[in-house]
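Structural characterization, general
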Amino acid sequence: MEIYVVQPGDTIDSIALTLGVSAEQLIYDNQLIYPYELAVGQALLVDKNMRNATRAISVSGYAYPFISPWVLEQTLPFLSELPIFSYGFTAEGELLPPAYGDDTWMIAEALRFGTQPILTLTPFGPDGSFNNRLINSVVNNET
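Below is a short write-up of the structure. This one's a predicted model, so the numbers in the text were calculated from it and none came from an experiment. (Residues numbered from 1 in each chain as written. Predicted model: local features only at pLDDT ≥ 70, side-chain atom pairs only at ≥ 80, totals over all residues. Heavy atoms only, no water.)

1. Re the layout of surface pockets
Taken as a whole, the second largest pocket holds about 160 Å³ of empty space. Pro97, Ala99, Phe124, Gly125 and Gly128 are, among the 11 residues lining the second largest pocket, the residues nearest its centre. (1 Å grid on protein atoms, 1.4 Å probe; cavity = no way out; pocket = protein on both sides within 12 Å on 5 of 7 lines; lining within 4 Å. Points joined across faces, edges and corners; volume = space filled by probe spheres on them.)

What follows is the structure, encoded as structure tokens:
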């Protein structure tokens with residue numbers, strides 16, 4: 001990773017061209033919001049590992065911890081992100097890990113292939129059933 005400091009006249013496109021990275025990656029890595037206005041002196045994160053990235057689209061595919069390791073390994077090179085299904089949560093906001101097994105190996109594999117692991121939350125109650133009241137309790141509780 002490196003930091004690029006915005007200079008007068010810089011645009012996302014000109015910075016990307018100069019550094020040999022994709023404009024889309026700069027926008028994503030720096031959480032920039034359209035119309036991507038930059039301020040002189042602004043620091044931008046540049047991911048050296050993504051230089052000359054050729055992915056033109058973002059591809060996502062979810063998996064449960066019981067997926068075959070071979071299937072995951074064959075799929076990860078083609079994914080931009082891997083949502084791992086599915087964490088639950090309680091009305092108090094406590095995170096409940098997937099009921100189908102340990103997912104740490106999936107996270108490690110995703111990172112090994114340059115695929116972003118994504119935490120996926122599903123409103124499963126303590127009994128494992130879908131529970132819409134959980135969504136309401138979390139969305140309407142600022143703490």
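2. A look at the packing of aromatic side chains
A ring pair, where both rings are aromatic, is described by two values, the distance of the centres and the angle of the planes. The final tally for this structure, using the stated rule, is 5 aromatic pairs. Taken together, a centroid distance of 5.3 Å and an interplanar angle of 5° make the contact between tyrosine 64 and phenylalanine 66 stacked. The partly exposed category is assigned to tyrosine 64, whose relative accessible area is 27%. Linked through ring pairs, Tyr62, Tyr64, Phe66 and Phe85 together constitute an aromatic cluster. (Phe/Tyr/Trp six-rings, centres within 6.5 Å; stacked < 30°, edge-to-face > 60°. Buried < 20%, exposed > 50% of the residue type's maximum accessible area, 1.4 Å probe, protein only.)

3. Some thoughts on helix α4 (residues 104-112)
Those residues of α4 that sit buried are Met106, Glu109 and Ala110. Down the axis of α4, the buried side of the element spans an arc of 100°, and every buried residue falls inside it. Of the residues in α4, the exposed ones pointing more than 90 degrees away from the buried face are Leu111 and Arg112. On its buried face, α4 sits against α3 (69-75), β3 (81-89) and β5 (116-121). Of the residues one or two after α4, glycine 114 is the one with positive phi, at around 75°. (Helix = DSSP H or I, 4+ residues; strand = E, 2+ residues; numbered from the N terminus. Arc of directions from axis to C-beta. Contact = heavy atoms within 4.5 Å.)

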